[in-house]
Structure formats: C-alpha cells, structure tokens
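Summary of the model geometry
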Amino acid sequence: MTGRTATPHAPADPATAPELACPIAPVVDIVFSRWTTPILWTLHTHGRQRFVQLERRIGGITPKVLTQRLRQLERDGLVVRTYHPEVPPRVEYEISELGLGLAPLFAHLAEWATDNLPKVERARDDYDGRP
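First, a word on what this report is: a plain description of the structure on this page.

Calculation notes
- Residue numbers here run from 1 along each chain, matching the order of that chain's written sequence.
- The model is predicted, so local features are restricted to residues of pLDDT at least 70 and side-chain atom pairs to those at 80 or more, both for listing and for counting; the totals for chains, interfaces and linings are taken over all residues.
- Side-chain metrics rest on all non-hydrogen atoms present in the structure, leaving aside hydrogens and water.
- Lines fitted to C-alpha atoms define the axes here, with helix axes fitted over just the stretch in contact, and angles between the N-to-C directions of these axes take values from 0 to 180 degrees.
- In this text, helices come from DSSP runs of H or I with a minimum length of four residues, and strands from runs of E with a minimum of two, each type numbered from the N-terminal end.
- Any angle between 65 and 115 degrees counts as roughly perpendicular, while under 35 counts as roughly parallel, over 145 as roughly antiparallel, and the rest as oblique.
- By the convention used here, residues are in contact when the closest approach between their heavy atoms is within 4.5 Å.
- Charged means Asp, Glu, Lys or Arg here, nonpolar means Ala, Val, Leu, Ile, Met, Phe, Trp, Tyr, Cys or Pro, and polar covers whatever is left, Gly included.
- Put simply, a nonpolar core is a bunch of buried Ala, Val, Leu, Ile, Met, Phe, Trp, Tyr and Cys residues held in one set by side-chain atoms that sit within 4.5 Å of each other.
- Throughout, exposure labels follow a simple rule: accessible area from a 1.4 Å probe, protein chains only, divided by the maximum for the residue type, with under 20% read as buried, over 50% as exposed, and the rest as partly exposed.
- Should DSSP find at least two bridges between two strands, the strands are taken to pair.
- Here a helix's expected span is defined as the number of its residues, less one, multiplied by 1.5 Å.
- The directions from the helix axis to the C-beta atoms are what the arc is built from.

Attention now goes to the packing of helix H3 (residues 36-46) against helix H5 (residues 63-75). Between H3 and H5, whose axes approach to 10 Å, the crossing angle comes to 70°. It follows from the interaxial angle that H3 and H5 lie roughly perpendicular. Along its contact with H3, which presents Thr-36, Ile-39 and Leu-40, the element H5 presents Leu-66, Arg-69, Leu-70 and Leu-73. When the residues that make up the contact of H3 with H5 are grouped by side-chain class, the tally is five nonpolar, one polar and one charged.

What follows is the structure, encoded as structure tokens:
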C-alpha cells in the first residue's frame, strides 16, 4: 500500500465528451463492437435466424457472448426477438426496422472495404518495412 487514498473520479467535462468531438461516436459504440456488426450483418443478409443458426453462421462466437450481444441489440431496438411457445420452445431473431436503417451504412462500408483494404495493407507493409 502506498499510503495514497483513492479519490472518486471527477465527472467528465461535457466540453470533452466524445460525442461532442465526434457526433457519430455513440453510433460507433452501439453498432461497431466486436460481435455486434457480424450479428447485424448476418441477420440483414440471411433474414430471421434461430440462435444456433446465427452461432454457426457467425463462427467463433461463444453462446454466452452471442446471448449478451443479442440482448443488448434487442434493448437498443436493432433486433427483434420472437418467442414461439412450442415444445421445444423456439426463439427467432431478426433485424428490426431501426436496424434495417443501417443497411446503407453497411453497404457503403463494404464498398469502402473492397476498394481500400488492399491500400491499407500496402500502407501497413510500407510502414512496418521502414528502417
């Protein structure tokens, strides 16, 4: 122990809040987390999916993380969860109307990626190869 006492964090200065520096920061936080984008992309591309279908199509995501992300996306209004009271119970997920509004953004990003990711790779190679 150093003898220092912990002090509570001061509230963030509103003048330096990320959303003031960049008005799309809250959108980036919602949409572009590690697994959110692949979930939304998959639901947009393949339509309504059951949990296991989503898990298989995305690949590499754990059931726990997929559950957490789906709950957050449902909370944010980007995904609709439909429970069918059958035996066994069936749950399906689909992108909401609000989530569909992101389709043009994803299309532009996909186009940008096709056009520019090779340039990014070359820039990285050039940078990494510098003496």
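Right, let's talk about the nonpolar core for a bit. Judged by nonpolar contacts, the single largest core of 18 residues is most densely connected at Ile-39 and Leu-40. When residues of this core are traced back to their parent elements, those giving at least two are H3, helix H4 (51-58), H5 and strand E3 (90-95).

Let us look at the sheet that holds strand E2 (residues 79-84). With antiparallel pairing, the three strands of this open sheet are ordered in space as E1-E3-E2. Since the sheet does not close on itself, it has two edges, and those belong to strand E1 (49-50) and E2, each with one partner. Contacting E1, E2 and E3, H3 runs over the sheet at an angle of about 95° to E3.

Further remarks concern H5. At 3.6 residues per turn, the α-helix brings residues three or four places apart onto the same side. Helix length check: H5 (13 residues) gives 18 Å between terminal C-alpha atoms against 18 Å at 1.5 Å per residue, within 8%. Residues Leu-66, Leu-70 and Leu-73 constitute the buried set of H5. Seen along its axis, H5 keeps its buried residues to an arc of 65°; they face one direction. Turned more than 90 degrees from where H5 packs its buried face, Lys-64, Arg-71 and Arg-75 sit exposed. Looking at the packing, one finds that the buried side of H5 touches H3, H4, E2 and E3. Positive phi shows up at Gly-77, right after H5, with a value of about 85°.

With that settled, the discussion passes to the pairing of E3. Burial within E3 is extensive, with five of its six residues counted as buried. In this sheet, E3 lies alongside E1 in antiparallel orientation, the contact comprising two bridges. Following the sheet pairing, Gln-49 is matched in E3 by Tyr-93. Between E2 and E3, which follow one another and run antiparallel, lie five residues.

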